Number of protein chains: 2
Amino acid sequence: MVTLRDVARMAGVSAKTVSRVVNDDPAVHSETRDAILAVIRQLDYVPDHAARMMRAGTSSVVGLMTDVVATTPYSVDIVRGAQDALRRDGRTLLIANTEGDRVLEREYWRMFRAHKVSGVIYATMYHRPLDLGEPEFARTIVLANCFSPKGDCPAIVPDDELGGYAQAAHLLRLGHRRIGIVSLNPVLRASVLRGAGFRTAFAEFDVPFEPDLERPGFTGPIGEEMIVAYEAALDLLRRPNRPTAIICGNDKIAMQVYGAAASLGLSIPQDLSVMGFDDMTVIAETLRPALTTVGLPYFEIGRRSVEIMAGLPAAPQAERHQPILVPCPLVERDSCRAIA
Amino acid sequence: MVTLRDVARMAGVSAKTVSRVVNDDPAVHSETRDAILAVIRQLDYVPDHAARMMRAGTSSVVGLMTDVVATTPYSVDIVRGAQDALRRDGRTLLIANTEGDRVLEREYWRMFRAHKVSGVIYATMYHRPLDLGEPEFARTIVLANCFSPKGDCPAIVPDDELGGYAQAAHLLRLGHRRIGIVSLNPVLRASVLRGAGFRTAFAEFDVPFEPDLERPGFTGPIGEEMIVAYEAALDLLRRPNRPTAIICGNDKIAMQVYGAAASLGLSIPQDLSVMGFDDMTVIAETLRPALTTVGLPYFEIGRRSVEIMAGLPAAPQAERHQPILVPCPLVERDSCRAIA
DNA sequence: CTGAAAGCGCTAACAG
DNA sequence: CTGTTAGCGCTTTCAG
């Protein structure tokens, strides 16, 4: 293994000077620097991470604690976003998947300590409030897709209310007035917030909000819910005065709405417009017609979590944090059409 | 920060003895051990990873080099499988996503070196041959979902041929004799292997293989292909003597086949049985009826990659490796039915 | 079974 | 601008 000393010897300088070059310290004569750089390249020297980190007392590793985010199709983008931001300055991400297991989570906190991670991103599968308790709060933590009601941590979450507004407003603008809703589990925070967004949009267009046109697309407790969007959609579409458009709580629901519509001989978007949520490309781009939906900005959330962490003061402040809201963009495809 | 010495001082022993306890060295009096363990718990001591690794010269970190695997919905399971195996003995996974970029890949190889990773799992998105070249071959590498034609690395891949056989055999057993195929891009290795599997199954049941009943579900070059399974299925289903079942190259294709069938007023599985591949739960469990499909054993591949690495000799052998084949299990749901 | 000394590769602190 | 010295936290000798 090639070490700093090998480089120093070969370049005829001291170890410290090589160290300076490796760390981009400007206080090195440019000729000396070039010579050292040449030796580094020739020997293919790579600084030892462990040694640097031991000396520095901190590491270039950031921990990502998740329940199931890192391994769930539509939220891996949080990982990608964080890695993208980290990679630019040679840092790395240590990913911990608790699968919701508290014991495992504790084990991972120790692992983070062993690795002296410089910060932790705590990401959850569902947009929800979260209480981390005290023990680990000394360290730099950023909450992603969740937030602390006490406001003791910076947090970044999707703007579900605006997302709901975008869903409804788009259909209203296209002229729809009887709009059905097949929603997420109503206890979910996302569901509540989007509901508020719908109402705002409906009010703006002077369209009364008819609770009777709304059905839950899932039943059962969170975590083991069953999807019943197919039945919900059938129910909605068999009404004497059926809706001309359906807003869905996510793209899976939209997928079942497609199926229900087809079984009734209704075609999309001629007879029915469908609006999804999540922008899971696997579904949205594969459905025929391709699904118009609202995206969850997970990549952005991951990327910005790293930025927020970088901007955090070294000592924990007493300041209260408001969750940062990231907009959910409308992704227009072919499942919504304008009506008279 | 609590160090080994703090524990030693408090327990009234030398640092080395504490080190022995931490490393499960049996040569410690059990009373001494218990006393030390108590102090460790009391002080909440966590051994410093960097220091250990520096001394040991190797680390407990394994690198995962991927093209897009780690961030692709249906292959994140490789990551989960590998992490699951590593976690059991306190090791961790350093994930590198090259997104197919050679420059980035080289950067990541250096990162792996800096971290002194004890081994590397090289996983690809598609089951394919791969030439890694020479430079990094000194280290311990396991190929996952790909293999080296030269056989200079251990490799583990899904048994696509058997998977194809399972798809066809299941339908044949249910009595189907006119079976359509909407396949993957035919240049893909998976496609070729599964084709061989189909033929074996057809031959066993004395059913002639009709090339005319096969259509590609994707067109265009790999990486930017377009899905045209909908049209392919329409074409197949409009034939005078339409197939009673369709085998799909993946679950996305199956999704479009569902759409095509619905548009023709055909219902699944009464009028048509559909068989998927991949077992992407997002699709397979959401389709109505739920999709019978064949699973890609990615979790297993990830898990076993770690095991294979552990069993590798320290010095690279000249021996030739045959790729290890992992079976693809049939996952029965509701989209296939028996016919007379 | 236990301890003392040495040193892994690197950088902070301080001189020159 | 460059070098010297010391030491991060741990484990490997090698002695007790």
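Residues numbered from 1 in each chain as written. Chains lettered and ligands numbered in written order. Predicted model: local features only at pLDDT ≥ 70, side-chain atom pairs only at ≥ 80, totals over all residues. Heavy atoms only, no water.

**Q** Looking at this model, I keep getting lost on the pattern of salt bridges. Mind explaining?
**A** Charged atoms that come close allow side chains of opposite charge to pair. Inspection of the entire model under this criterion finds 44 salt bridges over all chains. The residue R9 of chain A makes a salt bridge to D6 of chain A at a minimum N-O spacing of 3.6 Å. In this pair, R9 of chain A and D6 of chain A are both assigned in helix α1 (residues 4-11), 3 residues apart and thus about one turn of the helix distant. We classify R9 of chain A as exposed; its relative accessible area is 61%. Judged by relative accessible area, D6 of chain A falls into the partly exposed class, the value being 25%. Residue R215 of chain B is joined to D235 of chain B by a salt bridge in which the shortest nitrogen-to-oxygen separation is 2.4 Å. Of this pair, R215 of chain B sits in strand β7 (residues 214-216) while D235 of chain B sits in helix α9 (residues 229-237), placing them 20 residues apart in sequence. What makes R215 of chain B buried here is its relative accessible area of 17%. Given the relative accessible area of 36%, D235 of chain B is considered partly exposed. Among the charged side chains, a network of salt bridges with common partners joins D44 of chain A together with R110 and R113 of chain B. (Salt bridge = Lys/Arg side-chain N within 4 Å of Asp/Glu carboxyl O. Helix = DSSP H or I, 4+ residues; strand = E, 2+ residues; numbered from the N terminus. Buried < 20%, exposed > 50% of the residue type's maximum accessible area, 1.4 Å probe, protein only.)

**Q** Looking at this model, I keep getting lost on the protein's contact with DNA strand C. Mind explaining?
**A** Around DNA strand C sit 24 residues in total, of which L4 and Y45 of chain A together with T17, T32 and R55 of chain B are the nearest. The separation between a phosphate oxygen of DNA strand C and a polar side-chain atom of Y45 of chain A is 2.5 Å. T17 of chain B places a polar side-chain atom, nitrogen or oxygen, 2.6 Å from a phosphate oxygen of DNA strand C. Those elements giving two or more residues to the surface near DNA strand C turn out to be α1, α2 (15-22) and α4 (49-56) of chain A together with α2 (15-22) and α4 (49-56) of chain B. Looking at the surface near DNA strand C element by element, the count peaks at 4 residues for α4 of chain A. Split into classes, the residues belonging to the surface near DNA strand C amount to 9 nonpolar, 7 polar and 8 charged. (Near = heavy atom within 4 Å. Polar contact = N/O pair within 3.5 Å; in protein donor to acceptor, adjacent residues only side chain to side chain. Nonpolar A, V, L, I, M, F, W, Y, C, P; charged D, E, K, R; others polar.)

**Q** Is there a simple way to explain the packing of aromatic side chains in this structure?
**A** Each pair of aromatic rings is reported with the distance of its centres and the angle of its planes. On inspection of all chains with the given rule, the structure shows 4 aromatic pairs over all chains. For the pair W109 of chain A and F112 of chain A, a centre-to-centre distance of 6.0 Å together with 85° between the ring planes defines the contact as edge-to-face. Taken together, the residues W109 of chain A and F112 of chain A, both in helix α6 (residues 102-114) and 3 residues apart, mark about one turn of the helix. For the cation-ring pair, R199 of chain A lies above F209 of chain A, with the distance from its terminal atom to the ring centre recorded as 4.1 Å. A cation sits over an aromatic face here: R194 of chain B above F277 of chain B, 3.4 Å from the ring centre. (Phe/Tyr/Trp six-rings, centres within 6.5 Å; stacked < 30°, edge-to-face > 60°. Lys NZ or Arg CZ within 6 Å of the ring centre and 35° of its normal.)

**Q** Where do I start with the domain arrangement of chain A in this structure?
**A** The figure often quoted for interface size is the accessible area lost as the parts come together. All names here are of chain A. Domains assigned within chain A are domain 1 (4-47), domain 2 (56-158 + 298-326) and domain 3 (160-296). Distance between the C-alpha centres of domain 2 and domain 3: 31 Å. Domain 2 puts 9 residues into the contact, and the matching count from domain 3 is 10 residues. Counting across the domain 2 and domain 3 interface gives 0 salt bridges. Between the two partners, domain 2 and domain 3, sit 5 residue pairs in polar contact (both at pLDDT 80 or more). (Domains from an automatic or database assignment. Contact = heavy atoms within 4.5 Å.)

**Q** Please explain empty space enclosed by the protein as it appears in this structure.
**A** One way to see where empty space is left: roll a probe the size of a water molecule over the atoms. This model, assessed by the stated rule, comprises 6 cavities of 30 Å³ or more. Put simply, the largest cavity is a space of about 90 Å³. Only α4 and β2 (92-97) of chain A together with β2 (92-97) of chain B provide two or more residues apiece to the lining of the largest cavity. The element contributing the most residues to the lining of the largest cavity is β2 of chain B, with 3 residues. (1 Å grid on protein atoms, 1.4 Å probe; cavity = no way out; pocket = protein on both sides within 12 Å on 5 of 7 lines; lining within 4 Å. Points joined across faces, edges and corners; volume = space filled by probe spheres on them.)

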